Amino acid sequence: MSAVRTVLGDVRPGELGVCDAHDHLFLCSPQLPGQELNDASAARAELEAFRAAGGSAVVQWTPYGMGRRTADLPSLSRAAGVHLVCATGLHQAAHYSPRLLDELRGKLAEVFVTELTVGIGTSGVRAGIIKVAGGFHGLDAHARWTMTAAAEAHRATDAPIAVHLEMGTGALDVLDLLCGELGVPPHRVILGHLNRSPDLAVHRQAAESGCWLAFDGPSRAHHATDWRMPDAVGALAEAGFGHRLLLGGDTVAAGARSVDGGPGMPYLLRRVRPRLALALGEELAERVLTDNPGRAFAADWR
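The rules behind these values
Residues numbered from 1 in each chain as written. Predicted model: local features only at pLDDT ≥ 70, side-chain atom pairs only at ≥ 80, totals over all residues. Heavy atoms only, no water. Pairing = 2+ DSSP bridges. Helix = DSSP H or I, 4+ residues; strand = E, 2+ residues; numbered from the N terminus. Axes fitted to C-alpha atoms, helices over the stretch in contact; angles between N-to-C directions. Buried < 20%, exposed > 50% of the residue type's maximum accessible area, 1.4 Å probe, protein only. Expected span 1.5 Å × (residues − 1). Contact = heavy atoms within 4.5 Å. Disulfide = S-S within 2.5 Å. Polar contact = N/O pair within 3.5 Å; in protein donor to acceptor, adjacent residues only side chain to side chain. Arc of directions from axis to C-beta. Parallel < 35°, antiparallel > 145°, perpendicular 65-115°, else oblique. Nonpolar A, V, L, I, M, F, W, Y, C, P; charged D, E, K, R; others polar.

J.: Tell me about the sheet that holds strand β3 (residues 19–23), and name the residues and values.
T.: With parallel pairing, the three strands of this open sheet are ordered in space as β3-β4-β5. At either margin of the open sheet sits one strand with a lone partner, and together these are β3 and β5 (83–85). Within the sheet, the average angular offset between the axes of one strand and its neighbour, ignoring direction, is 15°. Note: strand β4 (residues 57–60) against β5, three bridges, orientation parallel. Across the sheet, residue valine 59 finds its bridge partner in β5, namely valine 85.

Here's what the structure looks like:
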């Protein structure tokens, strides 16, 4: 039976509810100095604010080695009454020390599988997705290495693979590698940040492959997010791909949390959902936020 793997255990797809399909409670990177998400009290407050706005599930895309604070996630999930899905996987090389990457050589897929099936460290929490990343309009050797490991881990577990597209680019290159060369079924791949490169032709080509398309990032200033999202989502829905769309907040810095004065997770439901419903109808908004995530993040776990 298909199930979504949360930090408190597996749940049926229909139990996930209103879902922020791409966000971060915790995140640390040398690429974001001074902007770390590492405050458990703030994370709890943010989850509670999301819950108060009508949310019931958050998928945290923070991968291996970037301050996931996995051991804190079960208590946060219980306290806020929100399902949490956490990630294994690996981001771009710039987010890690060369030493850490060297330590993972030859065993990356094994690490992913262990975190998906046994647990992350001593936390006992199992990851529910594999997060990897492409580059700007292409895939470097690091991206090919991580995606190859992700494909191997997918074959061993059926876990979905969530992909960071740098500035929204490289979607077709990612699909050529993951689904073409490596044989991952397209419906097990979730492409993130498509809104940052609002090329409707590429969106349509990606959708035609059968993958999931995530539009996310209202927390990031000067990105093509809110104001272009309805047009892009509408074009895909009109073309028959409304059943493949996801929405997320992608809060990546402390100042972007609602409890710190930013839009944060509640903004997805307070402002983005009404904007989408106004442009495209409540039925599509409900499908994108509730029905689609349950199917996108569910797996026939092995």
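Next, the rest of the story.
J.: So, the pairing of strand β10 (residues 212–216): which residues are in play, and what are the values?
T.: The buried fraction of β10 amounts to five of the five residues, a majority that puts the element mostly inside the structure. Inspection of the sheet shows strand β9 (residues 189–192) paired to β10 by two bridges, in the parallel sense. By the bridge assignment for β10, leucine 191 is matched with leucine 213. One ladder, built from four bridges, connects β10 with strand β11 (residues 245–248); its direction is parallel. Looking at β11, one finds that alanine 214 is bridged to leucine 246.

J.: A description of helix α5 (residues 141–157) should follow, citing residues and the corresponding values.
T.: For α5, built from 17 residues, the straight-helix expectation of 24 Å at 1.5 Å per residue is met to within 8% by its first-to-last C-alpha distance of 24 Å. Within α5, burial applies to His142, Ala143, Trp145, Thr146, Met147, Ala149, Ala150, Ala151, Ala153, His154 and Thr157. Against the buried residues of α5 lie α3 (98–104), α4 (108–117), β7 (129–133), β8 (161–164) and α6 (171–181). Phi turns positive, to about 75°, at aspartate 158, one or two residues after α5.

J.: Could you give me a rundown of the state of the cysteines, with the residues and numbers involved?
T.: Defined simply, a disulfide is a covalent bond joining two cysteines at their sulfur atoms. For the coordinates displayed, the defined rule picks out zero disulfides. Of all cysteine sulfurs, the one in cysteine 86 lies closest to cysteine 28, which takes part in no disulfide; the gap is 15 Å. With no disulfide of its own, cysteine 86 lies closest to cysteine 19 among cysteine sulfurs, the gap being 14 Å.

J.: Tell me about the side chain of threonine 146, and name the residues and values.
T.: You can see threonine 146 is positioned in helix α5. Look at threonine 146 and you get buried, because its relative accessible area is 0%. A polar atom in the side chain of threonine 146 sits 3.0 Å from the backbone oxygen of alanine 143. Setting aside residues no more than four positions away along its own chain, threonine 146 makes contact with Leu90, Leu108, Phe112 and Val132.

J.: Describe α4, listing the residues and the values that go with them.
T.: Of all the positions in α4, only Leu108, Ala109, Val111, Phe112, Glu115 and Leu116 are classed as buried. With its buried residues spanning 160° around the axis, α4 presents them on a single face. Buried residues along α4 sit against β1 (3–6), β6 (87–89), α3, β7 and α5. In the segment just after α4, glycine 119 is the residue with positive phi, at about 150°.

J.: Give a detailed account of the packing of helix α9 (residues 266–280) against helix α10 (residues 282–296), specifying residues and quantitative values.
T.: Viewed as axis vectors pointing N to C, α9 and α10 meet at an angle of 135°, and their least axial separation amounts to 7 Å. One way to sum up the angle between α9 and α10 is to call them oblique. Within the contact between the two elements, α9 uses Leu268, Leu269, Arg273, Leu276, Ala277 and Leu280 and α10 uses Glu282, Leu284, Ala285, Glu286 and Leu289. Considered class by class, the residues forming the contact of α9 with α10 number eight nonpolar, no polar and three charged.

J.: Summarise the environment of alanine 253; cite the residues concerned and give the values.
T.: You can see alanine 253 is positioned in the loop between β11 and α9. Accessibility expressed as a relative area gives 11% for alanine 253, which makes it buried. Sequence-wise, alanine 253 and valine 58 are 195 residues apart; in three dimensions their C-alpha atoms are separated by 16 Å. Ignoring any residue separated from it by four or fewer positions in sequence, one finds alanine 253 in contact with Gln35 and Leu37.

J.: A description of the sheet that holds strand β12 (residues 298–299) should follow, citing residues and the corresponding values.
T.: If you trace the three strands from one edge of the open sheet to the other, you get β2-β1-β12, paired in antiparallel fashion. Every interior strand has two partners, whereas the edge strands, β2 (9–11) and β12, have only one. Bridge count for β1 against β12 is two bridges, and the pairing is antiparallel. Across the sheet, the residue bridging to alanine 3 is alanine 299, located in β12.

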